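Each chain, letter by letter, is given below.
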Amino acid sequence: MNTLQLSIVHRLPQRYRWLAGFAGSRVEPIPQNGQSAENCLVGLKLLSDNSEAAWPTMQKLSLALRDIEVDSSIVECEGEPCLFVNRQDELAATCRLKNFGVAIAESFSSANPF
């Protein structure tokens, strides 16, 4: 199995949806006070590489997900490539990425420090 040592991704804090007319290529944040959308997306941002190598790395991550039949799209978000998966596929995607050698950075808060 191929691995990507030293690749670290972080889950973007917002939920997203496809921008109308741009499914698969552009996203928009879902307002926090909005209803839970059926087609909710979760974004993963690469933390370990902010260079031009980030795009090929994200391609490799997307291919790893394709191996287990999890749909994903790489979309520029906040000026960087981000990998988007359907919310219902998030656990399978993160599990596959961890098995592929990718570290998943977790957010901590004072209410939930560990």
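The structure under discussion appears in the preceding block.
My aim in this report is to walk through the structure given alongside it, one point at a time.

About the cut-offs
Residues numbered from 1 in each chain as written. Predicted model: local features only at pLDDT ≥ 70, side-chain atom pairs only at ≥ 80, totals over all residues. Heavy atoms only, no water. Buried < 20%, exposed > 50% of the residue type's maximum accessible area, 1.4 Å probe, protein only. Helix = DSSP H or I, 4+ residues; strand = E, 2+ residues; numbered from the N terminus. Pairing = 2+ DSSP bridges. Salt bridge = Lys/Arg side-chain N within 4 Å of Asp/Glu carboxyl O.

## Some thoughts on the pairing of strand 4 (residues 72–77)
Counting buried positions along strand 4 yields five of six residues, so the element is predominantly enclosed. Pairing geometry for strand 4 and strand 5 (residues 80–86), over six bridges, is antiparallel. Across the sheet, residue Ser72 finds its bridge partner in strand 5, namely Val85. Between strand 4 and strand 5, which pair antiparallel and follow one another directly, the connecting turn spans two residues, one of which, Glu78, has a positive phi of 55 degrees.

## Brief notes about unusual backbone geometry
Positive phi, normally seen in glycine, also occurs at Glu69, with a value near 60 degrees. Along the polypeptide, Glu69 turns up in the loop between helix 1 (54–67) and strand 4.

## Observations regarding the pattern of salt bridges
Opposite charge on two side chains makes pairing possible when the charged atoms of those side chains draw close. The tally for this structure, following the rule as stated, stands at four salt bridges. Ionic pairing is found between Arg11 and Glu90, a salt bridge with its closest N-O pair at 2.6 Å. Here Arg11, found in strand 1 (residues 7–18), pairs with Glu90, found in helix 2 (residues 90–99); they are 79 residues apart in sequence, far enough to count as distant. Accessibility expressed as a relative area gives 24% for Arg11, which makes it partly exposed.

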